[in-house]
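The primary structure of each chain is shown beneath.
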Amino acid sequence: MTESPVKVTMKGDEAISVPAYFISKHEGFVGSIKTFIEDFVVTEIDMNGQKVKTAQALQTAGCASSEENQMNAELKENLYCSGLQDADVSSDWTVGSDTPLPALGSFDLDVILGPSVSEDLEQFVMTLREKRPSGPELSLGSFSDKHQRANVHRAVRHRFPFLLTVTIQPEIRVREDPDYRELARLVREEEAEDFFRFIDAKVRGSSYTFGPDDSKEHRTAVHHFLNRRFGKLVETKSFSSQGRTSISVRLREHGKPKKRTAEERKEEDVYTAFTLCKENLETLEAISYMAATLGVLPSDFTYAGIKDKRAVTYQSMVVKKVSSQRLKEKAAEFEKRGMRLSQIRSVNEPLKLGRLRGNHFDLVVRNLRPHGASDEPLSGADRDTRLAALVKEAVENRRGFVNYYGPQRFGSILSDRVGLALLKEDMVSAVRLFFSPEDSDDPHSLAKRHFLQTDNPKESLALMPLSKPRERLMLRALNRYGTGPDGCVQAWLSLPHNIRIFYPHAYCSRVWNDAAAHRLSTMGLGVRQGDLVWTQTGHNRTEDAGETTSTQIHVVTREEEEAGVYSLEQVLLPIPGNSVKYPENAMRAWYQERLAGDGLAECRFRVSSLKLNLPGCYRPLLAIPHNLSYQLQRAACSHGAKNQESGTESLTLSLNFDLDSSCYATICLREIMKCET
């Protein structure tokens with residue numbers, strides 16, 4: 001007789017709840033996690049299998065410097081993915097295939113310039129847009145530190161590529177770039193802005209492609225302008241695709257930008273690796289602060305993965321254009337903000353997102369008690385004996401857990417609903433969902449609530465805290481372009497690509513969670529005909545997802561089901577996208593009905609207006625903790641933990657284990673404890 005999973009009904013916020021289906025039948029117990037920050041310690045495991053806080057030498061893996069390959073949700077999964085990664089840029093020029101440009105991440109000009117100067121800059125830009133006068137300048141103030149000046153130059157040029165920034169030491173002034181104005185007469189303004197960002201990024205060997213242009217005379221004029229103004233830096237050529245002709249521009253391999261000195265070019269090639277320990281900070285929040293302090297952009301930081309906020313976390317990072325000596329000099333300043341840097345050393349290249357084996361967890365669960373303890377009055381000794389037996393039974397379960405995405409995947413706002421609206425290309429609804437306030441009166445929620453009630457982005461921007469860069473970027477764009485459909489598109493485009501795509505990914509993760517629960521509740525714990533399985537023997541779950549091919553995804557046959565060829569650990573479920581195959585059993589119909597019910601029956605999982613493409617992935621149905629150990633002990637007196645019923649010190653459980661990347665420790669705990677964590 002086939003075993004069925006256990007279904008448990010649990011309370012919680014429907015918006016962020018996770019299906020409660022378990023694969024083991026032990027009773028479990030109740031307890032408190034994350035009572036203190038130090039109760040939840042996460043340590044990254046590098047590709048050599050070493051914990052980064054104890055590794056003596058960390059080998060960093062090469063990657064493109066683009067933040068497109070860097071990010072969330074949060075965001076790239078270390079899964080069995082089909083076509084998720086962008087291909088490496090080869091030495092050959094493949095026209096029409098552009099290299100993604102670095103994004104600003106969580107950067108906010110208010111942090112660098114201050115709110116007053118930032119507002120003056122916004123007004124200056126609006127004046128240029130409306131009246132386009134020639135000659136006016138705006139002073140951004142004086143900056144004595146050369147690193148801070150460099151940060152201002154890069155940030156302003158990236159945000160407003162049509163501006164020239166000029167240093168008259170120590171003052172920085174901005175004015176309209178006449179080259180931009182000339183190019184904007186030849187091509188669309190959006191293309192002119194993207195081209196100047198491409199020029200400023202200086203990614204060697206990269207390319208940019210203008211939109212189709214069927215007028216040879218006009219293309220010639222564009223070629224002449226580009227070669228006259230940027231000929232030493234770029235080369236251009238026309239190419240035809242599907243009957244349309246476009247111009248592609250490539251940065252020369254040995255181009256030497258006029259404004260970059262030998263010292264600046266040398267600084268570009270400096271990479272410094274370090275181990276970051278942070279407490280109660282988001283990874284991107286920590287990066288934003290370090291970038292502002294060091295005078296670089298957040299996109300100059302690369303890392304292998306995002307870590308929890310409410311935890312003590314250790315992870316590897318590499319920063320570009322900052323020497324190891326300069327980083328050491330700033331370490332004490334970072335420590336005041338809850339960040340400790342160690343193992344600071346020079347390396348040759350940045351980190352690549354996903355290049356980690358997984359994470360090691362050191363957790364403490366406090367105030368342990370049996371389920372329904374109030375109904376079973378027991379003496380202290382009997383209670384402890386009962387708890388010890390429950391914990392032993394739960395922890396020694398070797399069946400693993402359902403590999404659900406944890407609530408952290410979806411954030412505190414309605415991320416999956418935002419993603420669904422984006423996939424349906426309902427930009428206005430997506431914006432309003434993005435600004436859904438939490439049920440509190442903190443400044444962040446008040447600013448969101450004000451926007452929803454008044455539709456006034458300017459007033460809402462004045463209320464929005466400086467610590468909320470995404471919301472501020474959106475509100476600025478809405479103020480500039482309006483709150484209608486076109487303005488909302490521009491608001492989304494104001495966010496970096498890796499942030500925009502987080503929301504559709506959150507929706508697809510929600511679908512996967514529901515698919516996993518449905519698969520287990522209706523088809524049980526056996527491998528069924530039509531299931532998808534991973535066939536490569538000795539596979540490594542942290543293998544670069546871009547190397548996975550469709551031939552490694554196998555459809556289980558009737559004969560293989562009857563012979564028990566595969567185990568449940570090998571079963572995969574697809575994350576919806578345009579390049580995945582679906583199970584060839586009842587789950588295929590479930591996916592079709594689910595997507596149709598959400599209005600996505602005809603969805604191609606591309607949002608062209610936002611430059612989003614979701615190929616889809618495969619995620620293992622189960623996850624298995626490795627190297628698991630545990631210890632039961634009395635609560636430390638310093639924490640003053642008491643059993644609520646007896647008044648005696650309660651038991652605490654210390655758990656230590658490893659998980660593959662993209663697996664959630666809170667979901668593992670939920671399987672062990674049989675309760676919401």
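It should be noted that the structure appears before, not after, this text.
A short tour of the structure in this document, coming up. (Residues numbered from 1 in each chain as written. Predicted model: local features only at pLDDT ≥ 70, side-chain atom pairs only at ≥ 80, totals over all residues. Heavy atoms only, no water.)

**Considerations on the pattern of salt bridges**
The tally for this structure, following the rule as stated, stands at 31 salt bridges. Note that glutamate 137 and arginine 173 form a salt bridge whose closest N and O atoms lie 3.5 Å from each other. Taken together, the residues glutamate 137 in strand β6 (residues 137-142) and arginine 173 in strand β8 (residues 171-176) connect sequence positions 36 residues apart. For arginine 173, a relative accessible area of 26% gives the class partly exposed. The salt bridge partner of aspartate 194 is lysine 611, with a shortest N-O separation of 3.3 Å. Residue aspartate 194 is found in helix α5 (residues 189-201), and its partner lysine 611 is found in the loop between β21 (606-607) and β22 (612-613); the two are separated by 417 residues along the sequence. Overlapping salt bridges, with partners in common, bring together Glu137, Glu171, Arg173 and Arg175 in one network. (Salt bridge = Lys/Arg side-chain N within 4 Å of Asp/Glu carboxyl O. Helix = DSSP H or I, 4+ residues; strand = E, 2+ residues; numbered from the N terminus. Buried < 20%, exposed > 50% of the residue type's maximum accessible area, 1.4 Å probe, protein only.)

**Here's the deal with the nonpolar core**
Phe274, Met290, Phe301 and Trp492 are the most contacted members of the largest nonpolar core, which has 129 residues in total. Counting 39 residues, the second-largest nonpolar core is a separate cluster that includes Leu138, Ala184, Leu226 and Leu251. (Core = buried A, V, L, I, M, F, W, Y, C linked by side-chain atoms within 4.5 Å.)

**Focus: the state of the cysteines**
Working definition of a disulfide: a covalent bond connecting the sulfur atoms of two cysteines. One pass over the full model with this rule turns up zero disulfides. Note on cysteine 663: no disulfide assigned, nearest cysteine sulfur contributed by cysteine 668 at a separation of 9.2 Å. Among the residues examined, cysteine 663 registers a relative accessible area of 12% and is labelled buried. (Disulfide = S-S within 2.5 Å.)

**Some details on the sheet that holds β6**
Taken in spatial order, the three strands line up as β6-β8-β7 in an open sheet, and their pairing is antiparallel. Sheet topology places β6 and β7 (163-168) at the edges, where each strand pairs with a single neighbour. Strand-to-strand twist in this sheet, taken as the mean axis angle between neighbours without regard to direction, amounts to 25°. Note: β7 against β8, six bridges, orientation antiparallel. (Pairing = 2+ DSSP bridges. Axes fitted to C-alpha atoms, helices over the stretch in contact; angles between N-to-C directions.)

**Describing the environment of cysteine 277**
Residue placement: cysteine 277 occurs in strand β12 (residues 271-279). With 36 residues separating them along the chain, cysteine 277 and threonine 313 place their C-alpha atoms 5.5 Å apart. Not counting the four nearest positions on each side in its chain, cysteine 277 is found in contact with Val312, Thr313, Tyr314, Gly338, Met339 and Arg340. (Contact = heavy atoms within 4.5 Å.)

**Quick look at the pairing of strand β26 (residues 651-660)**
Among the 10 residues of β26, nine are classified as buried, and the element is accordingly described as predominantly covered. Both strand β16 (residues 358-369) and β26 contribute to a ladder of eight bridges, which runs antiparallel. Considered in β26, the bridge of leucine 363 is made with leucine 655. With seven bridges joining them, strand β25 (residues 626-634) and β26 adopt antiparallel strand pairing. When the bridges of β26 are listed, leucine 632 appears paired with leucine 653.

**Details of the packing of aromatic side chains**
Any pair of aromatic rings gets described here by the distance separating the centres and the angle formed by the planes. In total, this model carries 25 aromatic pairs according to the counting rule given. Considering the side-chain rings of phenylalanine 434 and tyrosine 503, the 6.0 Å spacing of their centres and the 80° angle between planes classify their relative orientation as edge-to-face. Placement of the pair is phenylalanine 434 in helix α12 (residues 427-434) and tyrosine 503 in helix α18 (residues 502-523), with a sequence separation of 69 residues. By relative accessible area, which is 1% here, phenylalanine 434 ends up buried. Looking at tyrosine 503, the relative accessible area reads 2%, which means it is buried. Each member of the aromatic cluster is reached from another via a ring pair, and the members are Phe160, Phe162, Tyr180, Phe195, Phe196, Phe198, Tyr208, Phe210, Phe225 and Phe230. Sitting above the plane of the tyrosine 289 ring, arginine 337 keeps its charged end 4.2 Å from the centroid. (Phe/Tyr/Trp six-rings, centres within 6.5 Å; stacked < 30°, edge-to-face > 60°. Lys NZ or Arg CZ within 6 Å of the ring centre and 35° of its normal.)

**Regarding the packing of helix α8 (residues 283-294) against helix α9 (residues 324-335)**
Following both chains from N to C, one finds α8 and α9 inclined at 125°, their axes separated by 11 Å at the closest point. Compared by their axis directions, α8 and α9 come out oblique. α9 is crossed by α8, and the crossing has right-handed handedness. Here Tyr289, Met290, Thr293 and Leu294 of α8 come into contact with α9, specifically with Arg326, Leu327, Lys330, Glu333 and Phe334. Broken down by class, the residue content of the contact of α8 with α9 amounts to five nonpolar, one polar and three charged. (Parallel < 35°, antiparallel > 145°, perpendicular 65-115°, else oblique. Left-handed = near helix turned anticlockwise from the far one by under 90°. Nonpolar A, V, L, I, M, F, W, Y, C, P; charged D, E, K, R; others polar.)

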